[in-house]
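The chain contents come next:
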Amino acid sequence: MQSSKNPFVIGVDVGTGSARAALVNSTGKVLETCVKPIRTWNDQPNYYEQSSDDIWQAVCHCVKSVCNAYKKEDIMGIGFDATCSLVALDKNMQPLTVSPSSNDHQRNVILWMDHRAEEEARTINATRHWMLNYVGGSISLEMQLPKLLWLKRHMAQTVTSLAGAFFDLPDYLTYRATGDDSRSICSAVCKWNYDAEQRVWCDEFLQQINLSDELSRADWKLIGHRVLDPGTPIGKGLSEAAARELDLLPGTAVATSMIDAHAGALALFGCRREIGAGDDEKVTSKMAIICGTSSCHMSLTEKSVMAPGIWGPYKHAIIPDLYLNEAGQSATGVLIDHIVQTHPCYGTLLQEHGSNSGIYGYLNTLLLELAKERTAGFVHRLTIDLHVWPDFHGNRSPLADPNLTGMICGLRMTKDVESLALLYLALIQALAYGTRHILDVLKSSGREPITSILLCGGLSKNSLFVQTHADVCSIPVLLPTEPEAVLLGSAMMGAYAAGLYESLESAASSMGGKATIVTPDLSEATHDYHERKYRIFQRMYLDQRGYERIMKG
């Protein structure tokens with residue numbers, strides 16, 4: 001058995017396709033990690049379901065794996081984060097199906113990316129209630145109230161008589177760990193339209209959307225009558241049952257949870273430059289982008305900033321008393337995979353390079369070679385006549401329209417690897433223009449300037465993606481030296497809950513580590529090129545709207 005004078009904490013992250021755990025020391029060094037896949041049912045388009053039992057079993061496997069060579073007495077706390085998926089339990093707190101096509105109660109989680117509730121989101125938005133101002137004026141069908149309204153309309157008994165509790169997945173994990181059904185204000189305000197200013201559920205709003213009768217029963221028991229700040233220790237810590245399942249000591253501190261992207265943002269906000277400091281080191285001058293299947297763009301402010309199409313301001317969602325604005329792109333990593341995997345060259349490239357990451361590395365190198373031959377080394381100019389609008393899965397921010405579709409302008413009949421490389425580059429550029437669009441809307445809404453971007457997630461390992469963001473947005477991009485930012489964020493919450501730090505912000509700044517800096521190309525030629533491409537990017541949206549008007553009248 002290994003032991004240490006430094007205490008350890010555990011970070012648990014449940015993503016879209018897997019559960020992960022990390023063992024972390026009190027200075028933020030990740031010592032051990034483990035990952036285990038989780039199952040998703042996708043029986044029909046836009047329906048994605050999972051099992052809370054399957055997820056918990058995967059969590060237990062990962063936690064036991066990272067801790068098996070360490071003393072239980074040295075593990076002081078555990079923090080959880082997860083996707084903002086909806087978990088349904090019956091009155092015995094057992095899984096309750098959310099599947100219209102199956103009576104299998106194991107299928108009791110509506111995954112965050114499930115888009116069945118489009119009509120319900122439209123119904124809620126038609127109320128124009130003032131609470132919608134906190135979600136950019138338009139609720140997303142990926143949030144929980146549209147999903148609950150869908151359940152009431154299509155599986156009525158689930159909401160009206162069968163349910164014992166509905167949890168955001170991060171809160172379900174802390175419930176399984178402790179037996180305490182308190183909720184996190186992170187999930188409540190960001191995904192459930194909780195009023196964080198007054199710290200109450202807005203019954204007037206729920207009445208207007210026909211959910212109050214069910215959700216307000218028994219002092220809001222179905223959705224949570226006690227709402228805590230992230231990192232706050234829950235109850236008496238790990239229950240006897242959960243301790244046996246996780247192979248940890250009962251009473252180990254358990255932190256109030258966060259949504260996965262928000263845990264990653266916490267770690268990024270705590271990250272510091274390798275050298276130098278200044279205004280761009282203020283937490284309110286940074287934007288954290290968590291790049292995975294989709295991307296989340298997070299920034300904190302001291303005062304409330306309302307921006308159209310951008311979620312928030314969410315008070316207390318990450319750090320107490322600071323406001324969070326949350327934007328995002330519904331498909332980033334998964335969209336790059338889609339573009340590459342559907343190209344005729346994909347099979348050959350996969351055989352030659354062994355993985356998608358190997359293919360992306362090869363394409364990045366090929367683009368550099370093409371640029372030396374054709375554009376005096378200026379990679380981005382290779383797409384002078386190739387343009388992409390990247391909302392293949394709708395637009396989350398700042399247009400808040402799930403019905404937008406992707407567009408490509410400049411296609412030819414070529415199907416060689418060069419054509420794939422150029423399309424891949426144009427898509428990378430389009431994703432960066434999407435980030436710039438978000439920055440522009442925040443600025444025009446009165447937010448103080450953002451002077452640095454911090455990236456984590458799979459795409460942060462892609463040098464072309466990182467440099468393109470720096471060039472397009474004309475600000476430095478910081479890459480944390482600890483790549484497991486989301487797991488680290490959960491571990492920070494566990495450290496705070498265990499009393500290792502006096503506040504969540506101090507845990508973040510002490511455990512966040514350093515970052516390397518990717519500087520933007522601020523030359524006039526680069527700036528002018530991207531300005532022209534960005535104008536085309538914006539024009540493509542207007543063109544798509546014009547096509548709709550022509551066809552629909």
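Parameters at a glance
Residues numbered from 1 in each chain as written. Predicted model: local features only at pLDDT ≥ 70, side-chain atom pairs only at ≥ 80, totals over all residues. Heavy atoms only, no water. Pairing = 2+ DSSP bridges. Helix = DSSP H or I, 4+ residues; strand = E, 2+ residues; numbered from the N terminus. Contact = heavy atoms within 4.5 Å. Axes fitted to C-alpha atoms, helices over the stretch in contact; angles between N-to-C directions. 1 Å grid on protein atoms, 1.4 Å probe; cavity = no way out; pocket = protein on both sides within 12 Å on 5 of 7 lines; lining within 4 Å. Points joined across faces, edges and corners; volume = space filled by probe spheres on them. Nonpolar A, V, L, I, M, F, W, Y, C, P; charged D, E, K, R; others polar. Parallel < 35°, antiparallel > 145°, perpendicular 65-115°, else oblique. Left-handed = near helix turned anticlockwise from the far one by under 90°. Buried < 20%, exposed > 50% of the residue type's maximum accessible area, 1.4 Å probe, protein only. Disulfide = S-S within 2.5 Å. Salt bridge = Lys/Arg side-chain N within 4 Å of Asp/Glu carboxyl O.

### Some remarks on the sheet that holds strand β22 (residues 514–518)
Phase 1 of the analysis: The eight strands are arranged β13-β22-β21-β20-β14-β15-β17-β16 in an open sheet whose pairing can be described as mixed. Each edge of the sheet is formed by a strand with only one pairing partner; in this case those strands are β13 (272–273) and β16 (311–315).
Phase 2 of the analysis: Pairing of strand β14 (residues 286–291) with strand β15 (residues 295–301), which is carried by four bridges, proceeds in the antiparallel orientation. Residue pairing for β15: A288 is matched across the bridge by M298.
Phase 3 of the analysis: The strands that helix α11 (residues 260–270) touches are β13, β14, β15, β17 (323–329), β20 (452–457) and β21 (477–480); relative to β14, the one it contacts most, it runs at about 135°.

### Some remarks on the layout of surface pockets
Phase 1 of the analysis: Approximately 710 Å³ is the volume attributed to the largest pocket.
Phase 2 of the analysis: Its residues assigned to classes, the lining of the largest pocket shows 12 nonpolar, 10 polar and nine charged.
Phase 3 of the analysis: Here the second largest pocket is characterised by a volume of approximately 490 Å³.
Phase 4 of the analysis: As for the second largest pocket, its lining consists of 20 residues, and the residues nearest its centre are L386, L411, R412, T414 and S419.

### Notes on the packing of α11 against helix α17 (residues 485–497)
Phase 1 of the analysis: Running from amino to carboxyl end, α11 crosses α17 at an angle of 85°, the nearest separation of the two axes being 7 Å. Relative to α17, the element α11 lies roughly perpendicular. Mapping the contact onto sequence places D260, A263, G264, L266, A267 and L268 in α11 and A485, V486, L488, G489, S490, M492 and M493 in α17.
Phase 2 of the analysis: Residues that form the contact of α11 with α17 fall into these classes: nine nonpolar, three polar and one charged.

### Observations regarding the packing of helix α1 (residues 52–67) against helix α5 (residues 169–178)
Phase 1 of the analysis: One can describe the packing of α1 onto α5 by two numbers: an axis separation of 11 Å at closest approach and a directional angle of 65°. Along this stretch, α1 crosses α5, giving a crossing that reads as right-handed. Between α1, through S52, D53, I55, W56 and V59, and α5, the contact on the second element is made entirely by L169, Y172, L173, R176 and A177.
Phase 2 of the analysis: The residue inventory of the contact of α1 with α5, partitioned by class, reads seven nonpolar, one polar and two charged.

### Let's talk about empty space enclosed by the protein
Phase 1 of the analysis: Counted according to the given criterion, the structure contains five cavities of 30 Å³ or more.
Phase 2 of the analysis: Lining of the largest cavity is provided by 17 residues; of these, Q329, P390, D391, N395 and S397 occupy positions nearest its centre.
Phase 3 of the analysis: Within the residue set of the lining of the largest cavity, elements represented by two or more residues are β17 and α15 (417–444).
Phase 4 of the analysis: Considering each element in turn, the lining of the largest cavity owes the most residues, three residues, to α15.
Phase 5 of the analysis: For the lining of the largest cavity, the class distribution of residues is seven nonpolar, nine polar and one charged.
Phase 6 of the analysis: In this structure, the second largest cavity spans a volume of roughly 80 Å³.
Phase 7 of the analysis: Lining of the second largest cavity is provided by 13 residues; of these, Y134, V189, Y194, A196 and P313 occupy positions nearest its centre.

### Observations regarding helix α16 (residues 463–473)
Phase 1 of the analysis: Within α16, nine of the 11 residues are buried, which leaves it mostly tucked inside the rest of the structure.
Phase 2 of the analysis: L464, F465, V466, T468, H469, A470, D471, V472 and C473 are the residues of α16 that are buried.
Phase 3 of the analysis: Directly after α16, the chain includes S474, whose backbone phi takes a positive value near 60°.

### Observations concerning the environment of S490
Phase 1 of the analysis: Summarising the element assignment, S490 is placed in helix α17.
Phase 2 of the analysis: Put simply, S490 and W389 are 101 residues apart on the chain and 34 Å apart in space, counted from C-alpha to C-alpha.
Phase 3 of the analysis: With residues up to four places along the chain from it excluded, the contact list for S490 reads I10, G11, V12, G79, F80, D81 and A263.

### Let's talk about the state of the cysteines
Phase 1 of the analysis: Throughout the structure, instances matching the rule amount to zero disulfides.
Phase 2 of the analysis: Free cysteine: C291, not disulfide-bonded; nearest cysteine sulfur from C456 at 6.8 Å.
Phase 3 of the analysis: Look at C291 and you get buried, because its relative accessible area is 2%.
Phase 4 of the analysis: Sulfur of C296: no disulfide; nearest cysteine sulfur belongs to C84 and is 7.3 Å away.
Phase 5 of the analysis: A residue is classified by how much of its surface remains accessible, and C296, at 11% relative accessible area, is buried.

### Quick notes on the environment of F8
Phase 1 of the analysis: Relative to the assigned elements, F8 resides in strand β1 (residues 8–14).
Phase 2 of the analysis: With relative accessibility at 3%, the residue F8 sits in the buried group.

### Thoughts on the environment of T256
Phase 1 of the analysis: Among the structural elements, T256 can be located in the loop between β11 (253–254) and β12 (258–259).
Phase 2 of the analysis: Sequence separation of T256 and G312 is 56 residues, and the distance between their C-alpha atoms is 20 Å.

### Looking at the pairing of strand β3 (residues 30–37)
Phase 1 of the analysis: Bridging between strand β2 (residues 18–25) and β3 involves seven bridges; their strand directions are antiparallel. Bridge pairing in β3 places A22 opposite T33.
Phase 2 of the analysis: Here β2 folds back onto β3 in antiparallel fashion, the turn holding four residues, of which G28 has a positive phi close to 100°.

### Structural notes on the pattern of salt bridges
Phase 1 of the analysis: Within the structure shown, the criterion is met by 28 salt bridges.
Phase 2 of the analysis: We note a salt bridge from E118 to R122, for which the minimum N-O separation is 2.9 Å. In this pair, E118 and R122 both sit in helix α2 (residues 118–125), four residues apart, roughly one turn of the helix.
Phase 3 of the analysis: Relative accessible area serves as the criterion here: at 41%, R122 is assigned to the partly exposed category.
Phase 4 of the analysis: For E197, the salt bridge is made with K315, and the minimal N-O distance between the two is 3.7 Å. Separated by 118 residues along the polypeptide, E197 in the loop between α6 (185–191) and α7 (203–208) and K315 in strand β16 bring together distant segments of the chain.
Phase 5 of the analysis: According to the relative accessible area criterion, E197 is partly exposed, its value standing at 33%.
Phase 6 of the analysis: On the basis of relative accessible area, K315 is assigned to the buried category, the value being 19%.

### Looking at the sheet that holds strand β7 (residues 109–110)
Phase 1 of the analysis: Read across the sheet, four strands follow the order β4-β7-β6-β8 without closing on themselves; strand pairing throughout is antiparallel. Taken across any chain shown, the strands that pair with only one partner, and hence form the sheet edges, are β4 (49–50) and β8 (163–168).
Phase 2 of the analysis: Where strand β6 (residues 86–90) meets β7, two bridges bridge the pair, whose relative direction is antiparallel. Looking at the pairing, L86 lines up with I110 of β7.

As far as function goes, none of this settles anything; it's purely spatial.
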